[in-house]
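Geometric and topological summary
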Amino acid sequence: MKKMKFATLAMCLTMMVSCNLSNAVKGGGIGAVAGGLAGGVIGKLAGNTAVGAAVGAAVGGTTGALIGKHMDKVKARAAQVENAKVEEFTDANNLKAVKVTFDSGILFKTGKSDLSADSKNSLSKFAQVLIQDPQLSVEVQGHTDNTGSRATNERLSQQRAQAVSNYLTQCGVPYSQLKNIVGYAYDYPVADNNTAAGRAQNRRVDILLYASEAMINAAENGTLQ
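The text that follows walks through the structure, step by step, so that each part is easy to find. As the structure is a computational prediction, the values presented were derived from the model and not from experiment.

1. Describing the environment of N193
- Within the secondary structure layout, N193 lies in the loop between β4 (178-183) and α7 (196-202).
- Taking relative accessible area as the criterion, N193 reaches 12% and is therefore assigned buried.
- Separated by 46 residues in the primary sequence, N193 and T147 place their C-alpha atoms 8.5 Å from one another.
- Leave out the neighbours within four places in its chain, and N193 touches D145, N146, R199 and N202.
- Side chain to side chain, N193 and N202 meet in a polar contact 2.9 Å long.

Printed below as a string of structure tokens:
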């Protein structure tokens with residue numbers, strides 16, 4: 001009798017795990033393994049709200065490796081864009097992703113959200129990276145230093161993120177590819193706001209590139225190049 005109960009329990013558990021794994025792969029819920037960098041704005045991205053299909057622990061093995069290899073190519077192409085600082089990180093789906101940073105000193109005049117001529121040249125080249133890879137999900141984030149009021153910095157960071165996004169779409173990037181456009185004011189500094197050099201680093205626009213649900217599905221099907 002005990003053996004029968006144990007066998008029944010084991011069968012139920014197997015079915016539950018199988019069902020949950022299947023749902024996760026299809027993009028159902030966030031899995032148990034949440035990769036990523038701790039804290040800061042990368043932690044904010046870790047929700048992967050643009051994808052909406054956090055596959056967490058279900059993504060691994062061949063699928064994760066294919067996406068990682070693809071993101072290496074994305075990183076290499078983005079690194080060729082003038083004035084772009086390119087880094088990689090791991091998102092909440094435990095997948096490799098890419099962050100591209102443009103210094104606001106390159107993009108804008110002090111206190112302004114109008115793009116400079118030089119920055120338009122860099123952004124037009126960066127737009128080609130996105131156009132060539134429509135399965136990338138994109139988040140554009142504006143950041144400021146802590147000089148001035150909260151309200152001013154919130155408005156300025158949002159305007160700058162929107163200005164970059166608008167220009168990317170003018171260059172041919174589908175608006176649907178831009179999953180989130182947000183200004184974070186001075187909430188996520190990357191350097192010390194007590195120094196001029198630190199404040200300069202904090203005034204920036206980050207563009208985060210990560211796998212869309214379509215890319216994850218392509219990797220699962222073995223069709224992602």
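There is more to say after this.
2. Thoughts on the pairing of β4
- Relative to β4, strand β3 (residues 136-143) runs parallel, the two being bridged by five bridges. Paired with V138 across the two strands is L178, which belongs to β4.
- For the segment spanning β3, helix α6 (residues 150-170) and β4, crossover handedness is right-handed.

3. A closer look at the packing of aromatic side chains
- For the structure shown, the criterion picks out two aromatic pairs.
- An angle of 75 degrees between the planes, with centres 5.9 Å apart, marks the rings of F102 and F126 as edge-to-face. Highlighted residues: F102 in strand β2 (residues 96-103) and F126 in helix α5 (residues 117-131), separated in sequence by 24 residues. Each member of the pair, F102 as well as F126, is classed as buried.
- Each ring, one from Y184 and one from Y188, has its centre 5.1 Å from the other, and the planes form 85 degrees; the classification is edge-to-face.
- Y184 sits in the buried class, given a relative accessible area of 10%.
- On the basis of relative accessible area, Y188 is assigned to the buried category, the value being 18%.
- A cation over an aromatic ring shows up here: R150 above the ring of Y186, its NZ or CZ 5.2 Å from the ring centre.

4. A few points about the pairing of β3
- Among the eight residues that make up β3, eight are buried, leaving the element largely enclosed by the rest of the structure.
- Side chains L136, V138, V140 and G142 of β3 all project onto a buried face; the interleaved residues S137, E139, Q141 and H143 project onto the opposite face, where all are buried too.
- The sheet contact formed by β3 and strand β5 (residues 204-211) spans eight bridges and is antiparallel. The residue bridging S137 from the neighbouring strand is Y210, located in β5.

5. Brief notes about the sheet that holds strand β1 (residues 85-90)
- In spatial order, the strands read β1-β2-β5-β3-β4; together these five strands make up an open sheet with mixed pairing. This sheet does not close on itself; its edge strands, each paired only once, are β1 and β4. Along the sheet, successive strands turn relative to each other by an average axial angle of 20 degrees, direction set aside.
- Bridge analysis of β1 against β2 gives six bridges, and the strand direction is antiparallel. Pairing of F89 across the sheet is with A97, part of β2.
- Taken strand by strand, helix α3 (residues 61-78) contacts β1, β2, β3 and β5, and its axis lies near 15 degrees from that of β2.

Rules behind the numbers
- Residues numbered from 1 in each chain as written.
- Predicted model: local features only at pLDDT ≥ 70, side-chain atom pairs only at ≥ 80, totals over all residues.
- Heavy atoms only, no water.
- Helix = DSSP H or I, 4+ residues; strand = E, 2+ residues; numbered from the N terminus.
- Buried < 20%, exposed > 50% of the residue type's maximum accessible area, 1.4 Å probe, protein only.
- Contact = heavy atoms within 4.5 Å.
- Polar contact = N/O pair within 3.5 Å; in protein donor to acceptor, adjacent residues only side chain to side chain.
- Pairing = 2+ DSSP bridges.
- Right-handed = clockwise from strand over helix to strand, strands pointing away.
- Phe/Tyr/Trp six-rings, centres within 6.5 Å; stacked < 30°, edge-to-face > 60°.
- Lys NZ or Arg CZ within 6 Å of the ring centre and 35° of its normal.
- Axes fitted to C-alpha atoms, helices over the stretch in contact; angles between N-to-C directions.

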